[in-house]
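Coordinate analysis (summary)
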Amino acid sequence: MSHLPFILKTIKQAGALILKKSKTNYKIQEKAKNDLVTEVDNLSEKLITKAIKSTYPKHSILGEESYFAHKKEISEEIESSEYIWIIDPIDGTTNFVRNLPFYAVSIALFKKTTTKKSKNFEYLEGELIAGAVYIPKLEELYYAEKKKGAFMNGKKIQVSKTPKLEKAVLATGFHLKGAMRNLPYFKKVIGKCRAIRRFGASAIDIVYTATGRFDGYWEFNVKAWDIAAGLLIASEAGAKISDTNGNSIDLFGQDIFVSNKKIHNELVKIFRTV
Ligand code: IPD
Ligand code: CA
Ligand code: CA
């Protein structure tokens, strides 16, 4: 059974809600220093959660904002269910607050491949089976299902064919906690590629790599909700995914490097010299 119709319907509803609320005087809070959450993040997550619970009552949900508020309960739920929805209700909240168009909703479905109990959910074994990233302000909807290719607004997408790093346009991010770690990497790469962009929304950086707008993207300290849907879309579009050392990553790992494949090894070699 395809879960995509449900995902696309729900993500569009969340996007419409975000656009509508963006014109209101919504509350903004700091979860930690410079880590923003708005009333709209919470409303978007509630809409998505409600839809999942009524359609898939046995599935569990890992949503950024509810996990922040109820870590223990959510971890237990995740341990006991086979399917886990991974949600970022607004990826790029700082952009949203500043009325920059680069913010997105991200919804992914993860299926456990083992019933073995893990140390905690961050060690889950399984695979992403469907996911979407929606950029409501730009009306761009990206989606994929395992082994069925990746699409943007109905058109099949693929990574770029850029063969060499010197011609590559890359993206990176400076997560609050990973920023200082990234600086030496940034310095190493900046003179060796054509350009580096920093859009401030991991989900968008990844799907833009999937469409070939970027040739690669790396960041440190990202979370599963930032990358889950994007990673499935990128891998279905032909991307190579690893950490910056070239080692395979799991979804709950924190360091990520996604590329068009062709420039992957060249960049990993540079990353390894940091
Ligand atoms: C953040 C954005 C940002 C990235 C951070 C994320 P949020 O997500 O994706 O680009 O640098 O790592 O935490 O907090 O806006 O959902
Ligand atoms: Ca995020
Ligand atoms: Ca978020």
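It should be emphasised that the depicted structure is a prediction, and the values quoted were computed from it without experimental measurement.

What counts, and where the lines are drawn
- Residues numbered from 1 in each chain as written.
- Chains lettered and ligands numbered in written order.
- Predicted model: local features only at pLDDT ≥ 70, side-chain atom pairs only at ≥ 80, totals over all residues.
- Heavy atoms only, no water.
- Donors = N, O, S within 2.8 Å, 3.2 Å for Na, K, Ca; no water.
- Helix = DSSP H or I, 4+ residues; strand = E, 2+ residues; numbered from the N terminus.
- Buried < 20%, exposed > 50% of the residue type's maximum accessible area, 1.4 Å probe, protein only.
- 1 Å grid on protein atoms, 1.4 Å probe; cavity = no way out; pocket = protein on both sides within 12 Å on 5 of 7 lines; lining within 4 Å.
- Points joined across faces, edges and corners; volume = space filled by probe spheres on them.
- Nonpolar A, V, L, I, M, F, W, Y, C, P; charged D, E, K, R; others polar.
- Near = heavy atom within 4 Å.
- Polar contact = N/O pair within 3.5 Å; in protein donor to acceptor, adjacent residues only side chain to side chain.
- Areas by Shrake-Rupley, 256 points an atom, 1.4 Å probe, with all protein chains shown as cover.
- Sits in = over half its atoms within 2 Å of the grid points.

**Thoughts on the coordination of the calcium ion (ligand 2)**
Tetrahedral coordination by four donors places them ideally at 109.5 degrees to one another around the metal; octahedral coordination by six donors ideally gives 90 or 180 degrees. With distances of 2.1 to 2.2 Å, the protein atoms coordinating the calcium ion (ligand 2) are Asp88 (OD), Asp91 (OD) and Asp226 (OD). Mapped onto the polypeptide sequence, the residues donating to the calcium ion (ligand 2) form the spacing pattern D-x2-D-x134-D. Here the calcium ion (ligand 2) and the calcium ion (ligand 3) are spaced 3.7 Å apart, with Asp88 acting as a shared donor. In this pair, Asp91 sits in strand β4 (residues 83-91) while Asp226 sits in helix α8 (residues 224-236), placing the two residues 135 residues apart along the sequence. By relative accessible area, which is 5% here, Asp91 ends up buried. You can call Asp226 buried: its relative accessible area is 9%.

**Quick word on the layout of surface pockets**
There is about 1000 Å³ of room inside the largest pocket. If you trace the largest pocket, you find 43 residues lining it, with Asp35, Glu64, His175, Leu176 and Asp226 closest to the centre. Elements with a contribution of two residues or more to the lining of the largest pocket: β1 (28-32), β2 (35-38), α3 (64-69), β4, α5 (93-97), α7 (202-210) and α8. Tallying contributions element by element places α3 first for the lining of the largest pocket, with 4 residues. Of the pockets and cavities examined, the second largest pocket occupies roughly 340 Å³. In terms of lining residues, the second largest pocket is bounded by 16 residues, among which Leu128, Leu231, Ile241, Ile249 and Leu251 are the most central. Taken together, the elements giving at least two residues each to the lining of the second largest pocket come down to β6 (126-135) and α8. Its residues assigned to classes, the lining of the second largest pocket comprises 9 nonpolar, 3 polar and 4 charged.

**Here we look at the site of ligand 1**
Around ligand 1, 13 residues are found, and the nearest of them are Asp91, Gly92, His175, Gly200 and Glu219. Interatomic distance of 3.4 Å between a side-chain N/O atom of Glu64 and an oxygen atom of ligand 1. Between ligand 1 and Ala201 there is a distance of 2.9 Å, counted from an oxygen atom to a backbone nitrogen or oxygen. When the free accessible area of ligand 1 is taken as 380 Å², the share hidden by the protein chains comes to 88%. Among the detected pockets, ligand 1 sits in the largest pocket. Among the elements that take part in the shell around ligand 1, β4 stands out by supplying 3 residues, more than any other. Here the residues of the shell around ligand 1 sort into 2 nonpolar, 5 polar and 6 charged.

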